[in-house]
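The primary structure of each chain is shown beneath.
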Amino acid sequence: METTNGSLNRKLRMALIGGGQGSFIGRVHATAAVLDNRAALVAGALSSNPQKAKDSAPAYDIAASRAYGSYEELLKSELALPADQRIDFLSITTPNHVHFPVAKAAVEAGFNVICDKPMTFDLSEAEALVKAVEKSGVVFAVSHNYTGYPLVRQARQMIQSGELGEIQAIRSNYIQGWLRTRLESSDQKQAAWRTDPAKSGAAGCFGDIGTHAYNLGRFMTGLLPESVSCHLKTFESGRQLDDYGHAVIRMENGGLLTVTASQISHGRENDLFIEVDGTKGALQWRQEEPNKMTLRSNGKPHQIYTRDPNAPFMNDAGRGACRLPSGHPEAFFEAFANVYRAAYDAMVLRAAGQKFESRDTVFPNVYDGCEGMYFIQQCVASSKENGAWLPLKHSAARR
């Protein structure tokens, strides 16, 4: 037996898909996955180029015998291993157009999956993946990593417990400047695939980072969307996909969520920030200063929440996402690792043959991934119709 009372008596075995030489997000996944010493990276198909895939393996300490030339080879070979040796899950860190075939094959093979966002290339793939996950019963997480920050989880519990009153307005923005020029023309790897509709999908900036801003608003507030009006723009001449966009979303409770995303704003790096207005108070959080959150209420002094797991003002959700005492900054890797940690808890229960929650999870799941793809589809469609109001609530949406 590998499990005792829902605990796993070993590390989870991980495979990495993508992440070869020149990759950014693959290394982030690999680092976050092992941060809590609950998993070990033992296998990989690190590139679509078989030789590059094998050449990249030593950088991850992956043995040559488990450095595969393709994801198909990885799945076939791992399934042939004894159950006590094969991988438990794989992480997909490839460009968007590769997510679905890898994820579907892994799910159907019975492996748990952690997939980068956006989850698939288009909505039809996302809906097919939801069905595959429901049929297989695997754990499926999507790396909307900003949900893992301690103060984001603190805010979520505060909002959903009513501390801010009825939520009426959310402004969620993700502003970058790295694509101010046509960087893709110089074959810069990260720019090239993100601006290519054959690899990125129907949206550029809005698919890449607008989905993060939308997901953050949904995660924090739990409010369900009703309809959307969107305007996308390509400001850099010759670029094939949007590099700027703005969406207004009517929520079912009558509130409004606005999402603005830019990749052409000079000097901006990864400035994801959110403001939430309720009838009792308002809060603000900024990803570039993640260990501080501001709470305001008319007639009262402004309150600055800091990330402090030992402070009485921290709630269970915020405290549970902390690893360090106050004053020692926790940031991107730790937030990413919190998504992994929550998914691991479900994987351990599955390994023990116990029931685990698959829909109402603290980690973003396959339903959130599907909702994100619907958001992209409807925003693109609305923009093509000059900002027409279109439905936004998908059957996959969860509170």
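These numbers come from a predicted model, not from an experiment.

Asker: Please explain the overall build of the protein as it appears in this structure.
Answerer: Scanning the protein from N- to C-terminus turns up 12 helices and 16 strands. What you see for the protein is a C-alpha radius of gyration of 21 Å, in line with the 21 Å of a compact globule of 399 residues. Across the 399 residues that make up the protein, the buried fraction comes to 56%. Considering only contacts within the protein whose residues lie at least 6 apart along the sequence, 69% involve residues at least 24 apart. Summing over all exposed atoms, the protein offers an accessible surface of approximately 16300 Å²; the carbon and sulfur share of this is 50%. Side chains of the protein give 43 positive and 42 negative charges; the mean places of these two sets differ by 2 Å.

Asker: Help me out: how do you make sense of the packing of aromatic side chains in this one?
Answerer: Two descriptors summarise a pair of aromatic rings, namely the distance from one centre to the other and the angle between the planes of the rings. All told, the structure shown has 13 aromatic pairs when counted by the stated rule. Here the guanidinium or amino end of R286 rests over the ring plane of F273, the centre of that ring lying 4.2 Å away. We note R359 situated over the ring of Y367; from NZ or CZ to the ring centre the distance is 4.2 Å.

Asker: Please explain the pattern of salt bridges as it appears in this structure.
Answerer: For the structure shown, the criterion picks out 22 salt bridges. We note a salt bridge from R66 to E78, for which the minimum N-O separation is 2.7 Å. Of this pair, R66 sits in the loop between α2 (50–56) and α3 (71–80) while E78 sits in helix α3; the two residues are 12 residues apart in sequence, bridging distant segments of the chain. Judged by relative accessible area, which is 16%, R66 ranks as buried. In this structure E78 comes out as buried when scored by relative accessible area, which is 0%. Here K117 ties to D208 by a salt bridge, and the two come within 3.4 Å at their closest N and O atoms. Within this pair, whereas K117 is found in the loop between β6 (112–115) and α5 (123–136), its partner D208 is found in helix α9 (residues 205–221), the two being separated by 91 residues in sequence. Each member of the pair, K117 together with D208, is buried. Overlapping salt bridges, with partners in common, bring together R182, E184, R239 and D243 in one network.

Asker: How do you make sense of the nonpolar core when you look at a structure like this?
Answerer: Side chains of a nonpolar character, in soluble globular proteins, are inclined to be buried together. Formed by 82 residues in total, the largest nonpolar core has its most connected members in L74, L90, F140 and F206. Considering each element in turn, this core owes the most residues, 9 residues, to helix α12 (residues 366–384). In this structure, L74 is in contact with A15, I17, A43, G44, A45, Y68, I87 and L90, ignoring residues within four places of it in sequence. Formed by 31 residues, the second largest nonpolar core is a distinct cluster that contains L41, A342, Y344 and M347.

Asker: What exactly am I supposed to notice about unusual backbone geometry here?
Answerer: Residue P118 follows K117 across a cis peptide bond; omega there is -15 degrees. Along the chain, the position of P118 falls in the loop between β6 and α5. One non-glycine residue, N37, lies in positive phi territory at about 60 degrees. Mapped onto the fold, N37 is located in the loop between α1 (25–33) and β4 (39–45).

Asker: Teacher, can you tell me more about the packing of α5 against α12 here?
Answerer: When two helices pack together, you describe them by how their axes are tilted relative to each other and by the distance separating the axes. Two numbers describe how α5 lies on α12: the axes approach to 9 Å, and their chain directions differ by 165 degrees. Considered as vectors, α5 and α12 are oriented roughly antiparallel to each other. When you trace α5 past α12, the crossing you get is left-handed. Facing L123, A126, E127, L129, V130, V133 and E134 of α5, the residues of α12 in contact are V366, Y367, C370, M373, Y374 and Q377. Classifying every residue of the contact of α5 with α12 gives 10 nonpolar, 1 polar and 2 charged.

Asker: Is there a simple way to think about the sheet that holds strand β7 (residues 140–142) in this case?
Answerer: Pairing in this open sheet of 5 strands is parallel, and the strands run β4-β3-β5-β6-β7 from one edge to the other. The strands lining the two open edges of the sheet, one partner per strand, are β4 and β7. Each neighbouring strand pair of the sheet contributes to a mean axis angle of 20 degrees, computed without reference to strand direction. Looking at chain direction, strand β3 (residues 12–17) and strand β5 (residues 89–92) are connected through 4 bridges and run parallel. Residue A15 lies in a different strand from β5, and its bridge partner there is L90. This element, α1, spans β3, β4, β5 and β6 of the sheet and lies at about 175 degrees to β3. Sheet strands touched by helix α4 (residues 96–108): β3, β5, β6 and β7. Its angle to β5, the strand with the most contacts, is close to 175 degrees.

Asker: I tried to follow the side chain of R194 on my own but got confused; where do I start?
Answerer: Here R194 is to be found in helix α7 (residues 189–194). At 2.5 Å, the side chain of R194 forms a polar contact with the side chain of Q190. When neighbours within four sequence positions are excluded, R194 is seen to be in contact with W178, S200, G204, D208 and L241.

Asker: Would you explain the pairing of strand β10 (residues 244–251) in this entry?
Answerer: Side-chain positions along a regular strand alternate between the two faces of the sheet. What you see with β10 is a clean split: G245, A247, I249 and M251 sit on the buried side and Y244, H246, V248 and R250 on the side with no burial. Here 8 bridges tie strand β9 (residues 225–233) to β10, and the two strands are oriented antiparallel to one another. Each bridged residue has a counterpart across the sheet, and for H231 the counterpart in β10 is H246. Across 7 bridges, β10 lies against strand β11 (residues 256–262) in antiparallel orientation. What sits directly across from H246, in β11, is T260. As consecutive antiparallel partners, β10 and β11 are separated by 4 residues, and within that stretch G254 has a phi angle of approximately 100 degrees, a positive value.

Conventions adopted
- Residues numbered from 1 in each chain as written.
- Predicted model: local features only at pLDDT ≥ 70, side-chain atom pairs only at ≥ 80, totals over all residues.
- Heavy atoms only, no water.
- Helix = DSSP H or I, 4+ residues; strand = E, 2+ residues; numbered from the N terminus.
- Rg over C-alpha atoms; globule rule 2.2 N^0.38 Å.
- Buried < 20%, exposed > 50% of the residue type's maximum accessible area, 1.4 Å probe, protein only.
- Contact = heavy atoms within 4.5 Å.
- Areas by Shrake-Rupley, 256 points an atom, 1.4 Å probe, with all protein chains shown as cover.
- Lys, Arg positive; Asp, Glu negative; His and termini not counted.
- Charge placed at Lys NZ, Arg CZ, Asp CG, Glu CD.
- Phe/Tyr/Trp six-rings, centres within 6.5 Å; stacked < 30°, edge-to-face > 60°.
- Lys NZ or Arg CZ within 6 Å of the ring centre and 35° of its normal.
- Salt bridge = Lys/Arg side-chain N within 4 Å of Asp/Glu carboxyl O.
- Core = buried A, V, L, I, M, F, W, Y, C linked by side-chain atoms within 4.5 Å.
- Axes fitted to C-alpha atoms, helices over the stretch in contact; angles between N-to-C directions.
- Parallel < 35°, antiparallel > 145°, perpendicular 65-115°, else oblique.
- Left-handed = near helix turned anticlockwise from the far one by under 90°.
- Nonpolar A, V, L, I, M, F, W, Y, C, P; charged D, E, K, R; others polar.
- Pairing = 2+ DSSP bridges.
- Polar contact = N/O pair within 3.5 Å; in protein donor to acceptor, adjacent residues only side chain to side chain.

The values reported here are purely geometric and, on their own, carry no functional implication.
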